[in-house]
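Residues per chain, in single letters:
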Amino acid sequence: MASSFLLGPEPVWIFVNNEGTAAGNAKMYTRRSLNKIEDKPVYMDAAGAQAWTNPIDIDLNGVKGPFYFKVDDAALDATYYIFVNDSEGNLIWDVDDYAPSGSGGGSIVTTFI
């Protein structure tokens, strides 16, 4: 069973609150779609070597990332439930059954800075 770590649609995500301004100090939670109380980590790198904390604290300017999502080719139904709360704990948005698309990392990772 092979796992890949796929980059989300944007390398850096921008979080906006319900007023349309930066959702500084918000929190993003990542859980399993099949069991919404079980955390499912996302990673900082394409090798899946370092996971973000859960919840992920969003920077004061409303940005964070990159996010690499684990995809297991033997369990393609093991998708993510993602939700974001503002700094006061109010739900900003959520998405169920999230799975990134594209190609993922592997055992050989090259990073350009």
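Fair warning: this is a prediction, and the values are worked out from it, not measured in the lab.

1. Let's talk about the nonpolar core
Next up, step 1: Membership of the largest hydrophobic core comes to 16 residues, with the highest contact counts inside it found for Trp13, Phe15, Met28, Val42, Ile56, Phe67 and Phe69.
Next up, step 2: When residues of this core are traced back to their parent elements, those giving at least two are β9 (80–85) and β10 (91–98).
Next up, step 3: For this core, the element with the highest residue contribution is β9, accounting for three residues.
Next up, step 4: With sequence-adjacent residues up to four places away left out, Val42 is seen in contact with Thr30, Ala51, Trp52, Ile56, Phe67, Tyr68, Phe69 and Tyr80.

2. Section: the side chain of Lys40
Next up, step 1: Along the chain, the position of Lys40 falls in the loop between β4 (35–39) and β5 (42–43).
Next up, step 2: One buried charged side chain, Lys40, makes no salt bridge at all; its nearest oppositely charged neighbour is Asp72, positioned 7.8 Å away.
Next up, step 3: A distance of 3.0 Å separates a polar atom in the side chain of Lys40 from the backbone oxygen of Ala78.
Next up, step 4: If we ignore the near neighbours within four places in the chain, the residues touching Lys40 are Thr30, Arg31, Arg32, Asn54, Lys70, Ala78, Thr79 and Tyr80.

3. So, unusual backbone geometry
Next up, step 1: In this structure, Pro55 follows Asn54 across a cis peptide bond, with omega equal to 15°.
Next up, step 2: Following the sequence through the fold, Pro55 ends up in the loop between β5 and β6 (56–57).
Next up, step 3: At the junction of Gly65 and Pro66, the peptide bond is cis and its omega measures out at 5° in the coordinates.
Next up, step 4: By the secondary structure assignment, Pro66 is in the loop between β7 (63–64) and β8 (68–72).
Next up, step 5: A positive phi angle is found at Asn25, which is not glycine, with a value near 70°.

Scoring rules and cut-offs
Residues numbered from 1 in each chain as written. Predicted model: local features only at pLDDT ≥ 70, side-chain atom pairs only at ≥ 80, totals over all residues. Heavy atoms only, no water. Core = buried A, V, L, I, M, F, W, Y, C linked by side-chain atoms within 4.5 Å. Buried < 20%, exposed > 50% of the residue type's maximum accessible area, 1.4 Å probe, protein only. Helix = DSSP H or I, 4+ residues; strand = E, 2+ residues; numbered from the N terminus. Contact = heavy atoms within 4.5 Å. Lys, Arg positive; Asp, Glu negative; His and termini not counted. Salt bridge = Lys/Arg side-chain N within 4 Å of Asp/Glu carboxyl O. Polar contact = N/O pair within 3.5 Å; in protein donor to acceptor, adjacent residues only side chain to side chain.

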